[in-house]
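# Residue-level structure breakdown
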Amino acid sequence: MSTPVKPRGRYARLLTNTAVFSAGKLLSKLLVFFMTRLYTAYLTPADYSTADLIANMANLLIPLACVGISEGIFRNAAAKEGDKEAFFTNGLVVLGAGSLLFLGGTLVYLFLSPLFNFFSFLKDSVWLVVLYVLSANLHSVVAQYLCAVGRTKLFAAQGILNTALVIGLNVLFLPVFDWGVTGYILSTVIADLLTTLFLVLFTRLWRAVKPRSISWGTIRTMLRFCLPLVPTTIFWWITGVSDRYMVAQMQSPEVNGLYTAAYKIPTLLIYAVGIFDSAWKLSVSAEDDPETCRAFYSKVWRVYTTVAFLGGGVLMLSSRLFAALLFDSSYTDAWVYIPLLTVATVFTAMDTFLGSVYFTGRKTMWSMITALVGAGLNVALNLLLIPAYSAMGASIATFVAYFVVFILRLITVRRLIPFRQEPGRWIINTVLSLLLAGAVTLTVGDHGGVMWGVACILFVAMVTVNARAVLEVLRSGKALIGR
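What counts and what doesn't
Residues numbered from 1 in each chain as written. Predicted model: local features only at pLDDT ≥ 70, side-chain atom pairs only at ≥ 80, totals over all residues. Heavy atoms only, no water. Helix = DSSP H or I, 4+ residues; strand = E, 2+ residues; numbered from the N terminus. Buried < 20%, exposed > 50% of the residue type's maximum accessible area, 1.4 Å probe, protein only. Contact = heavy atoms within 4.5 Å. Areas by Shrake-Rupley, 256 points an atom, 1.4 Å probe, with all protein chains shown as cover. Core = buried A, V, L, I, M, F, W, Y, C linked by side-chain atoms within 4.5 Å. Expected span 1.5 Å × (residues − 1). Axes fitted to C-alpha atoms, helices over the stretch in contact; angles between N-to-C directions. Parallel < 35°, antiparallel > 145°, perpendicular 65-115°, else oblique. Left-handed = near helix turned anticlockwise from the far one by under 90°. Nonpolar A, V, L, I, M, F, W, Y, C, P; charged D, E, K, R; others polar. Salt bridge = Lys/Arg side-chain N within 4 Å of Asp/Glu carboxyl O. Disulfide = S-S within 2.5 Å. Polar contact = N/O pair within 3.5 Å; in protein donor to acceptor, adjacent residues only side chain to side chain.

Let's shift gears to the overall build of the protein. Helices and strands together make up the secondary structure of the protein, namely 19 helices and zero strands. Relative to its 483 residues, the protein shows a buried fraction of 56%. Intrachain contacts of the protein at a sequence separation of at least 6 include 85% that bridge at least 24 residues. When the accessible surface of the protein is split by element, carbon and sulfur atoms take 69% of a total near 20600 Å².

A word on the nonpolar core. If you look at the biggest cluster of nonpolar residues, it comprises 112 residues, and the most contacted ones within it are Phe 327, Phe 353 and Phe 419. Tallying contributions element by element places helix H15 (residues 338–360) first for this core, with 13 residues. With near-sequence residues (within four places) excluded, Phe 327 lies in contact with Thr 36, Arg 37, Thr 40, Ala 261, Ala 262, Ile 265, Phe 322, Ala 334 and Ile 338. Of all hydrophobic cores here, the second largest spans 29 residues; its members include Ala 77, Leu 95, Leu 154 and Cys 226.

Taking 1.5 Å per residue as the helical rise, helix H8 (residues 180–203) with its 24 residues ought to reach 34 Å, and the 35 Å between its terminal C-alpha atoms agrees with that figure. Of the residues flanking the end of H8, it is Arg 204, one or two places downstream, whose phi is positive at about 50°.

Close contact between helix H13 (residues 294–317) and H15 brings their axes to 8 Å; oriented N to C, the two are set at 160°. Of the possible angle classes, the one that applies to H13 and H15 is roughly antiparallel. As for how H13 packs across H15, the hand of that crossing is right-handed. Per-class residue counts for the contact of H13 with H15 are 17 nonpolar, six polar and no charged.

This model, assessed by the stated rule, comprises three salt bridges. Here Asp 52 and Arg 244 are joined by a salt bridge, their closest N and O atoms 3.1 Å apart. Here Asp 52, found in helix H3 (residues 45–66), pairs with Arg 244, found in helix H10 (residues 229–250); they are 192 residues apart in sequence, far enough to count as distant. With relative accessibility at 10%, the residue Arg 244 sits in the buried group.

A few words now on the state of the cysteines. Within the structure shown, the criterion is met by zero disulfides. Residue Cys 66 stays outside any disulfide, its sulfur separated by 7.9 Å from that of Cys 226, the closest cysteine.

Here Leu 205 is to be found in the loop between H8 and helix H9 (216–226). Between the C-alpha atoms of Leu 205 and Val 142, which are 63 residues apart in sequence, the distance is 8.5 Å. Contacts of Leu 205, omitting those with residues within four sequence positions, involve Phe 88, Val 142, Tyr 145, Leu 146 and Val 200.

Quick look at the environment of Arg 37 now. By the element assignment, Arg 37 lies in helix H2 (residues 36–42). Assessed through its relative accessible area of 37%, Arg 37 is described here as partly exposed. Separated by 224 residues in the primary sequence, Arg 37 and Ala 261 place their C-alpha atoms 9.9 Å from one another. Excluding residues within four positions of it along the chain, Arg 37 makes contact with Ala 324, Leu 325, Leu 326, Phe 327 and Asp 328. Within the local environment of Arg 37, its side chain forms a polar contact with the backbone oxygen of Phe 327, the two atoms lying 2.6 Å apart.

This is the structure:
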């Protein structure tokens, strides 16, 4: 058994990893976020809906085409034991086989396309989906491997490069060439391919490919870990994205365009979570015994929930301002969906953290089961609420699904790492967040000024509830930086 990492070393490593990823990924995500103004100016709500549905269909197929092997490469290459190059080589074999099967499945789809009229937006866009999936998987496998073997600064830099390419190509393809939906998707495809080419050439990555290390035993070990993540990703996709397809079909593409635009604001929180999640997984993957991390998880959970709830509160209070800055005038009505979607996103963030416990303990089957419950509940509530309440019904369904997954994961992760969950604090924060979302939404009514006052009071209450945790965060950060 390897020597345990000292607690202070864990926090310092986590802070360092987070800082490195933040330098690259946060800047990249913010730049993409502010591109919303360009998208809403050059894409009608219906076109924006179509582009988003194509991208999200591709995101559903990405883990299927590579059977989640990028996560398998990351988890095994980041661990202290094992041959990192062997994991990468065998991962490429799995990626190649999965890509060939995916292409074969696409040909089957083309022959059977009359059976898939429900997805009418795909009729002329299958080739875009295929390119999106293949380029994204290749980029992910290469980038995740480099991150796992310690090239974190390069990982952050390639994120900035990829974003710069996406933005530049969007500016070229939308305003200049006027390629519409096709230009929106091709910008991401070409950016992924160029970034991957840069990484391969810069690191001479071909030297890490060792054909003699190809082994069914290694492939089986990786697949045993990552295969349960494939249905997990699908179920998670259903919970987070299926509502957009259902709104488009049960209401209209125009309504879904507004709903899609509204979802862009809470994604600021998702960006932050994604950055931390990368750093967190890299830090905890090096731990041999999850039980030794109990105090580590307890302290980080306290910080994490504080940032999630207060960050959500700030986004809700700023929702109308963000909408005015980022949305074209034709999207004016979209902001009303933002507050409740933000609360749903807060619980998405906490579900992600709790899912990392399964990742660390290599119990990915539990992640799949909880995600399945959330997906089933989300679809059922969408069918019930969208006809009655339009896109607001979808917002309600999304929140309920993520909240139920949160409760299930809180219960199950204690069997792996029984860290302090502080139920009293997150219950109070949940109630205050829902009240804040309601108050901000009602500011559009006759008593808007009063409701803004109520919203501000509720946010102050949230800060008060979390004041002690905020002070601990500041003190810990100062101590770690000082070292």
